[in-house]
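Letter by letter, the chains look like this.
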Amino acid sequence: GISQYVERLSFNTEIMSTQNTNDPCACGSGRKAKNCCMRPEVPKGRNPVVHFPPVLGQPARTLPIAEATKIAQHFHASKDLQTAAQLFRLILEADAEFDEARFYYGLLLHETNQSDAGVELMQQTCAHNTTNAHYHMRLGLVFDERHDGPRSLTSFRAAHAIEPTAGSWYNMGVSLLNLNMLE
């Protein structure tokens, strides 16, 4: 439940300081630590909180927005999309500009047949946060799923410009092949 997850988050903050960034994240998401809980999420000087109502049999609580976002991502990864959507909406009510929540809520909307609204949120996040290659790469994959080759290629190129990786080269190459731009 949510209380066990919150307890794990609190415990894992002690572990994260000694954890290698390429190790699996201590929260159990299955992602590398550098792409999960070790990822910087709250800009300096901002520490908004989210007031969670009594949900999932848990009492009402107030959490820092970064912790609340991790909880919402946990439910998203666990395929409890209804709970994740509810939590993402609460987070965005507290801070509509919080990139991590806005991006992953957009991804959730895309996954639940509300792709246009989801893509709009993900594009807003990419326009606001131009230094996060992961956002651009994931948006490119969403465009690819929607068979929108030109916008997919544009997103992969943006990701590659921020952080050139084998994945960005590969995705750009596949996009160019799909668009018949390679011989």
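In what follows, the structure referred to is the one given above.
Residues numbered from 1 in each chain as written. Predicted model: local features only at pLDDT ≥ 70, side-chain atom pairs only at ≥ 80, totals over all residues. Heavy atoms only, no water.

(A) Region of interest: the pattern of salt bridges. Applying the stated criterion to the full structure yields five salt bridges. Between arginine 102 and glutamate 97 there is a salt bridge; the shortest N-O distance is 3.4 Å. Among the salt bridges present, the one from glutamate 145 reaches arginine 138, with a minimum N-O distance of 4.0 Å. By relative accessible area, which is 18% here, arginine 138 ends up buried. (Salt bridge = Lys/Arg side-chain N within 4 Å of Asp/Glu carboxyl O. Buried < 20%, exposed > 50% of the residue type's maximum accessible area, 1.4 Å probe, protein only.)

(B) Focus on helix H7 (residues 149-162). The end-to-end C-alpha distance of H7, which contains 14 residues, comes to 20 Å, matching closely the 20 Å that a straight helix rising 1.5 Å per residue would cover. Taken together, the buried positions of H7 are occupied by Gly149, Ser152, Leu153, Ser155, Phe156, Ala159 and His160. What you see down the axis of H7 is that its buried residues fit within an arc of 160°, all on one side. Away from its buried face by more than 90 degrees, H7 exposes Pro150, Thr154 and Ala161. Where H7 is buried, its residues meet helix H6 (133-145) and helix H8 (166-178). (Helix = DSSP H or I, 4+ residues; strand = E, 2+ residues; numbered from the N terminus. Expected span 1.5 Å × (residues − 1). Arc of directions from axis to C-beta. Contact = heavy atoms within 4.5 Å.)

(C) Geometry of unusual backbone geometry. Phi is positive for asparagine 113, which is not a glycine, with a value near 60°. Structurally, asparagine 113 can be placed in the loop between helix H4 (99-111) and helix H5 (115-128). With phi around 60°, histidine 147 is a residue other than glycine that occupies positive phi space. Inspection of the secondary structure puts histidine 147 in the loop between H6 and H7.

(D) Quick look at the packing of aromatic side chains. Scanning all chains against the criterion turns up three aromatic pairs. Seen in terms of ring centroids, phenylalanine 103 and tyrosine 104 are 5.4 Å apart; in terms of plane orientation they differ by 80°. Their pairing is edge-to-face. The same class applies to phenylalanine 103 as to tyrosine 104, namely buried. Pairing phenylalanine 103 with tyrosine 135 gives two aromatic rings, centres 4.6 Å apart and planes at 25°, and the pair type is stacked. Taken together, the positions of phenylalanine 103 in helix H4 and tyrosine 135 in helix H6 put the pair 32 residues apart, joining distant regions of the chain. With relative accessibility at 0%, the residue phenylalanine 103 sits in the buried group. Judged by its relative accessible area of 2%, tyrosine 135 falls in the buried class. Three or more aromatic residues link up through ring pairs in this structure, and these residues are Phe103, Tyr104 and Tyr135. (Phe/Tyr/Trp six-rings, centres within 6.5 Å; stacked < 30°, edge-to-face > 60°.)

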